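Coordinate inspection notes
This is what each chain is made of:
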Amino acid sequence: MVGTKNFLAWKKRICLLHKENELLEHIKGNITIPAKEKMQALAKYNKDETRSQRILIESIKDSLVPYVSKFETSKEIYDKLVDLFSVTTTEEVISLRN
């Protein structure tokens, strides 16, 4: 992703990649971290969470990484990117067409 001009295409690609890899619940925040006692489930969660974060980080330019590097979860990273680049006003939509 470069910024607002390709945000919607980026968002669609990211959602499809996460869905294809059975990771969509990680960026939606609909997944619960398993208890420490459930070692196999926790190991799978950690592996999937790392894969989800990697997809997100590899999909953005290096110059954007500092904006999300402090976040611990893929949901936090995804939400920050959406917050930074989603178009919310009519003026922003019009500026994207030019």
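Residues numbered from 1 in each chain as written. Predicted model: local features only at pLDDT ≥ 70, side-chain atom pairs only at ≥ 80, totals over all residues. Heavy atoms only, no water.

1. Points about the overall build of the chain
Counting its regular elements, the chain contains 6 helices and 0 strands. In the chain, which comprises 98 residues, the proportion classed as buried is 29%. Considering only residue pairs separated by 6 or more positions, the chain has 54% of its internal contacts joining residues 24 or more positions apart. Of the roughly 7000 Å² of accessible surface on the chain, a fraction of 53% belongs to carbon and sulfur atoms. (Helix = DSSP H or I, 4+ residues; strand = E, 2+ residues; numbered from the N terminus. Buried < 20%, exposed > 50% of the residue type's maximum accessible area, 1.4 Å probe, protein only. Contact = heavy atoms within 4.5 Å. Areas by Shrake-Rupley, 256 points an atom, 1.4 Å probe, with all protein chains shown as cover.)

2. A look at the packing of aromatic side chains
Applying the stated rule across the entire model yields 2 aromatic pairs. Centre to centre, the rings of Trp-10 and Tyr-78 are 6.1 Å apart; their planes meet at 25°, and the pair counts as stacked. With Trp-10 in helix α1 (residues 7-20) and Tyr-78 in helix α5 (residues 74-85), the pair connects residues that are 68 residues apart, well separated along the chain. Look at Trp-10 and you get buried, because its relative accessible area is 4%. Among the aromatic residues, those joined into a cluster by ring pairs are Phe-7, Trp-10 and Tyr-78. (Phe/Tyr/Trp six-rings, centres within 6.5 Å; stacked < 30°, edge-to-face > 60°.)

3. Here we look at α1
For α1, spanning 14 residues, the distance from its first C-alpha to its last is 20 Å, which sits close to the expected 20 Å at 1.5 Å a residue. The complete set of buried residues in α1 reads Phe-7, Trp-10, Ile-14 and His-18. Down the axis of α1, the sector holding all buried residues measures 60°, keeping them to one side. Facing away from the buried side of α1, by more than 90 degrees, are the exposed residues Leu-8, Lys-12, Arg-13, Lys-19 and Glu-20. At its buried positions, α1 is contacted by α2 (24-28), α3 (39-58) and α5. Downstream of α1 by one or two residues, Glu-22 has phi in the positive range, about 55°. (Expected span 1.5 Å × (residues − 1). Arc of directions from axis to C-beta.)

4. Considerations on the nonpolar core
If you look at the biggest cluster of nonpolar residues, it comprises 16 residues, and the most contacted ones within it are Trp-10, Ile-14, Ile-27, Leu-56, Ile-60, Tyr-78 and Leu-81. For this core, the secondary structure elements donating two or more residues are α1, α2, α3 and α5. A total of 5 residues in this core trace back to one element, the largest contributor, which is α5. (Core = buried A, V, L, I, M, F, W, Y, C linked by side-chain atoms within 4.5 Å.)

5. Focus on the packing of α1 against α5
Contact geometry for α1 and α5: axes closest at 11 Å, N-to-C directions at 160°. One finds that α1 runs roughly antiparallel with respect to α5. The two elements α1 and α5 cross, and the hand of that crossing is left-handed. Within the contact between the two elements, α1 uses Phe-7, Trp-10, Lys-11, Ile-14 and Cys-15 and α5 uses Tyr-78, Leu-81, Val-82 and Phe-85. (Axes fitted to C-alpha atoms, helices over the stretch in contact; angles between N-to-C directions. Parallel < 35°, antiparallel > 145°, perpendicular 65-115°, else oblique. Left-handed = near helix turned anticlockwise from the far one by under 90°.)

6. Notes on the environment of Glu-58
In this structure, Glu-58 sits in helix α3. By relative accessible area, Glu-58 is classed as exposed at 56%. Within polar-contact distance, the side chain of Glu-58 engages the side chain of Arg-54 at 2.7 Å. (Polar contact = N/O pair within 3.5 Å; in protein donor to acceptor, adjacent residues only side chain to side chain.)

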